[in-house]
Amino acid sequence: MVPGSSPGGPTNLITIFDICGINFLKIFHVMKEKLSRRKFFYGACCSICSALILPSCAEVPITNRRQLNFYKYNLPIIIPSGGSSSIPKIYSNENHLNTIIEKQYGKFIQDAKSKKILIENTQESKSIKEIGIHISSSINKYYINQSEPNPVGNFNWEFALIDAKDNEGNLIKNAWCMPGGKIAFYTGIMPIAKNDDGIASIMGHEIAHAFARHTVERLTQHSIISIGTQGVLNTSYGKVLAQNSDIYNNIVQFGIMLPFSRKMESEADYMGLAFMNLAGYNMQESVEVWKRMKIENKKTPPEFLSSHPSPDNRIENLQNWMNEVKLKYPTV
């Protein structure tokens, strides 16, 4: 917990700055005396952004990775909608975000029902729900055994199986998880999963994305980049960037967003392995899943241009992690 804050209570910017060992009140007065108004506000904004970004004070449970997460300090995430007069999207806290996501997921399920692509009351759909509930319950049991609060104890987990095709008429081979524990599998990925252990491998990975709050992390990054871009484009340098937008977009995409995505995917692989072992599934099947995935996706982009690690790297990592996971996260 942040020094000076109460459990569940708000944490202000000064508290965050104090963590970094910076006395901003003194700097504030010195800057104000020595700089012009424009330079003062520019410098102050840079200092505030640096203090927020550089410490990365939030920590992902299980992996203990430092994570940039505005909600950790009760700060809102603001996403500009584009255009000088548009109203930005503002997510005030995680509960607000999850409430919106719950409605979106509900609409997605209703649309799937109306299109008759929601699969219910089949063995596969029952397996999806049973395995999802078993893994999420095992995570809760693990934290009870550790006498610690479950970081996702307030999530309302939901699981669905969707029979959908892409624009070329091929079954979609995918699974995803929205914040708050809303998960969907597509029938096209079921032959790749092949069995309950394979489903558990994919399910553990998707649950890990929600558990680690990766969407919140990406939204925080997007908020910073969007607001920063708006600020830069209003300067003389912005004219140069506007004329070379492809260069700027490539820097942002390949230099910032995609590397973070690969890091999150690897983290979800590790945590998913831990979660499926907590629930008593065979971890070795996660390797077999990626071998089957590799066969299905022969035309994959170079890892540098992808938001996901290459299948070969994932297989190698999973094999290297298994002994450690068995010791740290035995079946509950």
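Residues numbered from 1 in each chain as written. Predicted model: local features only at pLDDT ≥ 70, side-chain atom pairs only at ≥ 80, totals over all residues. Heavy atoms only, no water.

To continue, consider the overall build of the chain. Assigned secondary structure in the chain consists of twelve helices and eight strands. For the chain, buried positions account for 43% of its 332 residues. Of the contacts made within the chain by residues no fewer than 6 positions apart, 70% connect residues no fewer than 24 positions apart. As displayed, the chain has an accessible area near 18700 Å², and 55% of this comes from carbon and sulfur atoms. (Helix = DSSP H or I, 4+ residues; strand = E, 2+ residues; numbered from the N terminus. Buried < 20%, exposed > 50% of the residue type's maximum accessible area, 1.4 Å probe, protein only. Contact = heavy atoms within 4.5 Å. Areas by Shrake-Rupley, 256 points an atom, 1.4 Å probe, with all protein chains shown as cover.)

With 13 residues, helix α11 (residues 284-296) should cover 18 Å at 1.5 Å per step; its first-to-last C-alpha distance of 19 Å lies within 8% of that length. All of the buried residues in α11 are Glu-285, Ser-286, Val-287, Val-289, Trp-290, Arg-292 and Met-293. (Expected span 1.5 Å × (residues − 1).)

Right, let's talk about the nonpolar core for a bit. One recurring pattern in soluble globular proteins: nonpolar side chains tend to sit buried together. Among the nonpolar cores identified, the biggest contains 51 residues, and Ile-62, Ile-135, Phe-185, Met-203, Met-271 and Phe-275 are the most heavily contacted of them. In this structure, Met-203 is in contact with Ile-128, Ile-131, Gly-132, Ile-135, Phe-159, Ile-183 and Phe-185, ignoring residues within four places of it in sequence. Among the nonpolar cores identified, the runner-up in size contains 22 residues, and Tyr-71, Ile-101, Tyr-105 and Ala-160 belong to it. (Core = buried A, V, L, I, M, F, W, Y, C linked by side-chain atoms within 4.5 Å.)

With that settled, consider the environment of Glu-217. With respect to the helices and strands, Glu-217 occurs in helix α8 (residues 214-233). We classify Glu-217 as buried; its relative accessible area is 1%. Residues Glu-217 and Ala-58, 159 residues apart in the sequence, show an inter-C-alpha distance of 9.9 Å. Side chain to side chain, Glu-217 and Gln-67 meet in a polar contact 2.8 Å long. (Polar contact = N/O pair within 3.5 Å; in protein donor to acceptor, adjacent residues only side chain to side chain.)

The subject of this paragraph is the pairing of strand β7 (residues 175-178). The side chains of a regular strand alternate between the sheet's two faces. Of the two faces of β7, the one holding Ala-175 and Cys-177 and the one holding Trp-176 and Met-178 are both buried throughout. Relative to strand β8 (residues 182-186), β7 runs antiparallel, the two sharing four bridges. When the sheet's bridge partners are listed, Ala-175 is paired in β8 with Phe-185. (Pairing = 2+ DSSP bridges.)

Looking now at the confidence of the model for the chain. As a general rule, the predicted coordinates of low-pLDDT regions are not to be interpreted in detail. Here the chain averages 79 in pLDDT, while 68% of its residues score no lower than 70. A low-confidence stretch, residues 50-56 stays under pLDDT 50, and its non-local contacts, those more than four residues away or across chains, total 17 contacts. (pLDDT = per-residue confidence, 0-100.)

Moving on: the environment of Tyr-186. Relative to the helices and strands, Tyr-186 resides in strand β8. Taking the relative accessible area as the measure of exposure, Tyr-186 reaches 9% and is therefore buried. Considering only alpha carbons, one finds Tyr-186 and Ala-164, 22 residues apart in sequence, at a separation of 6.8 Å. When sequence neighbours within four positions are dropped, the list of residues in contact with Tyr-186 reads Phe-108, Leu-161, Ile-162, Ala-164, Ile-172, Asn-174, Ala-175 and Trp-176. Within the structure, the side chain of Tyr-186 is placed 3.1 Å from the side chain of Trp-176, a separation counted as a polar contact.

With 18 residues, helix α12 (residues 311-328) should cover 26 Å at 1.5 Å per step; its first-to-last C-alpha distance of 25 Å lies within 8% of that length. In α12, a bend of some 40° at Met-322 exceeds every other bend along the element. When we look at burial in α12, the residues that qualify are Pro-311, Arg-314, Ile-315, Leu-318, Trp-321, Met-322 and Val-325. (Bend = angle between axes of the 7 residues up to and from the residue.)

Turning to the pairing of strand β6 (residues 158-162), a few remarks are in order. Within β6, four of the five residues are buried, leaving the element largely enclosed by the surrounding structure. Sheet analysis places strand β5 (residues 118-119) next to β6, joined by two bridges and oriented antiparallel. Opposite Leu-118, over in β6, you have Ile-162 as the bridge partner. Strand direction decides the pairing type here: β6 and β8, joined by five bridges, are parallel. The residue of β8 that forms the bridge with Ala-160 is Ala-184.

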